[in-house]
Protein chains: 2
Amino acid sequence: MSGLNVSPEIERLIALLAKLPGLGPRSARRAALDLLKKPNALMRPLALALGEAADRISTCQICGNVDAQNPCHICTAPGRDITTLCVVQDVADLWAMERAGAFRGRYHILGGTLSALDGIRPEDLNIASLIDRASHEDVKEVILAMNATVDGQTTAHYITDHLAKANVQVSRLAHGVPVGGELDYLDDGTISAAMKSRRPF
Amino acid sequence: MSGLNVSPEIERLIALLAKLPGLGPRSARRAALDLLKKPNALMRPLALALGEAADRISTCQICGNVDAQNPCHICTAPGRDITTLCVVQDVADLWAMERAGAFRGRYHILGGTLSALDGIRPEDLNIASLIDRASHEDVKEVILAMNATVDGQTTAHYITDHLAKANVQVSRLAHGVPVGGELDYLDDGTISAAMKSRRPF
Ligand SMILES: [Zn+2]
Ligand SMILES: [Zn+2]
């Protein structure tokens, strides 16, 4: 937008919005206009929410979750199973697991996956702290819940190897047909995995 | 995300981000996480930019543009042609016209289009103020640059009718093949319009 008759305040807002994942230049302009049309209903509340989050939210020193307390709600919840650790790539995956409500243990967030292409090595991820935690006598099982991608599975293998000395069972999420999924839309790998893991009906 | 172990600060941030056009619930969560990972590089600057825009930006009383000054930069620019008004639906369209650099007159922002479906009537748009401005002796031409949609064209017809008493020439943008456009991807209406308006080569 540079060089146009757009005020610097609006240019700056658009430039920052365009840095958000999922917003390109065009949608950043649309979002900026929408905010400008709703200064009190949306723009000021969002400014406030961002400021408060920046002030209050930090990364959990135990699991890597983001929360207003450190250690986080999940690490300190008395009701959760301390014998099971679920390893996920990102906080978004923790949220997805929590939405599903299928896990009541604690988490460990890697912060990504190993990647030869992107130069991400074991020391760039929270792997050492995972080995530490898994070696604690309370922990009986480590569930690897990385994405079913090549990098995710490479990371899962690496972690499994390095958990050999820890006295824990290592498991991973099952592959198969998504609930509600249509075979016709699934890739061959998923169908093969679902066939291999078929169960009596 | 309600009922989950997500802090209220993060829930509020996600809820507000999800109100932005172009961001659904999933992309709002991803945007929130990205912001939380970059508190100083992105979250605080965005909070500041939103606050400043909310404080400083207002709607131009003449044309409907959003700007740090009122009347806006464009309405007060001495170098711009005061005999021509370009009527657009929205500020985003003014920005698009300015990016194209194909117009050096002034603008009038309607704030939408007439729509029987959405119950948008002439008095809901900045049409009365347009008639006023077009009736000023300086104005010689009104260019209707509404979207080439049914509602856009209905609005153009309505405005043309109501400009009959003003001593101005009313024109509209040409229809045709977009520059770089491939015929195979264009709808029949565009191809017909381009054929009808064909010009000697
Ligand atoms: Zn934690
Ligand atoms: Zn103006």
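Residues numbered from 1 in each chain as written. Chains lettered and ligands numbered in written order. Predicted model: local features only at pLDDT ≥ 70, side-chain atom pairs only at ≥ 80, totals over all residues. Heavy atoms only, no water.

## Thoughts on the pattern of salt bridges
Under the criterion given, the structure shown has 18 salt bridges over all chains. With a shortest N-O distance of 3.3 Å, B:Arg56 and A:Glu9 are connected by a salt bridge. You can see B:Arg56 sitting in helix H3 (residues 39–56) and its partner A:Glu9 sitting in helix H1 (residues 8–17), one on each of two chains. Among the charged side chains, a salt-bridge network with shared partners connects A:Glu9, A:Arg12, B:Glu52 and B:Arg56. (Salt bridge = Lys/Arg side-chain N within 4 Å of Asp/Glu carboxyl O. Helix = DSSP H or I, 4+ residues; strand = E, 2+ residues; numbered from the N terminus.)

## Topic: the coordination of the zinc ion (ligand 1)
All names here are of chain A. Of the protein atoms, only Cys 60 (SG), Cys 63 (SG), Cys 72 (SG) and Cys 75 (SG) coordinate the zinc ion (ligand 1), at distances of 2.3 to 2.4 Å. Around the zinc ion (ligand 1), the four donor atoms sit at angles spanning 104 to 116 degrees, and that spread fits a shape best called tetrahedral. Of note, the zinc ion (ligand 1) draws all its donor residues from one chain, in the sequence arrangement C-x2-C-x8-C-x2-C. One end of the pair, Cys 60, is in the loop between strand E1 (58–59) and strand E2 (66–67); the other, Cys 75, is in helix H4 (residues 73–76), with 15 residues separating them in the sequence. (Donors = N, O, S within 2.8 Å, 3.2 Å for Na, K, Ca; no water. Tetrahedral: all angles 85-135°; square planar, octahedral: opposite > 155°, others 65-115°.)

## A look at the sheet that holds strand E6 (residues 169–172) of chain B
Within a sheet, adjacent strands bond to each other through the backbone by hydrogen bonds, running parallel or antiparallel. Residue and element names in this part refer to chain B. Pairing in this open sheet of four strands is parallel, and the strands run E4-E3-E5-E6 from one edge to the other. Of all strands in the sheet, those with a lone pairing partner are strand E4 (106–109) and E6, marking the two edges. With direction set aside, neighbouring strand axes in the sheet form an average angle of 25 degrees. Sheet analysis places strand E3 (residues 84–88) next to strand E5 (residues 141–144), joined by four bridges and oriented parallel. For Leu 85, the partnering residue across the bridge sits in E5 and is Val 142. (Pairing = 2+ DSSP bridges. Axes fitted to C-alpha atoms, helices over the stretch in contact; angles between N-to-C directions.)

## Describing the pairing of strand E3 (residues 84–88) of chain A
Along E3(A), five of the five residues are buried, which leaves the element largely enclosed by surrounding structure. Alternating positions in E3(A) separate into two faces, A:Thr84, A:Cys86 and A:Val88 on one and A:Leu85 and A:Val87 on the other, with burial throughout. (Buried < 20%, exposed > 50% of the residue type's maximum accessible area, 1.4 Å probe, protein only.)

## Brief notes about the coordination of the zinc ion (ligand 2)
Residue and element names in this part refer to chain B. Each protein donor to the zinc ion (ligand 2) is listed here as Cys 60 (SG), Cys 63 (SG), Cys 72 (SG) and Cys 75 (SG); together their distances run 2.3 Å. Geometry at the zinc ion (ligand 2) is tetrahedral, judged from its four donor atoms and the angles of 103 to 116 degrees they form at the metal. When the donors of the zinc ion (ligand 2) are listed by position in the chain, the intervening gaps give C-x2-C-x8-C-x2-C. Both residues of the pair, Cys 60 and Cys 63, belong to the buried class.

## What about the interface of chain B and chain A?
The interface of chain B with chain A comprises 52 residues on the first partner and 52 residues on the second. The interface formed by chain B and chain A contains eight salt bridges. Our enumeration of links across chain B and chain A arrives at 10 residue pairs in polar contact (both at pLDDT 80 or more). Among the secondary structure elements, those contributing two or more residues to the side of chain B that touches chain A are helix H1 (8–17), helix H2 (25–37), H3, strand E2 (66–67), helix H4 (73–76) and helix H5 (91–100) of chain B. For the side of chain B that touches chain A, the element with the highest residue contribution is H3(B), accounting for 14 residues. Looking at the side of chain B that touches chain A residue by residue, the class counts come to 31 nonpolar, five polar and 16 charged. (Contact = heavy atoms within 4.5 Å. Polar contact = N/O pair within 3.5 Å; in protein donor to acceptor, adjacent residues only side chain to side chain. Nonpolar A, V, L, I, M, F, W, Y, C, P; charged D, E, K, R; others polar.)

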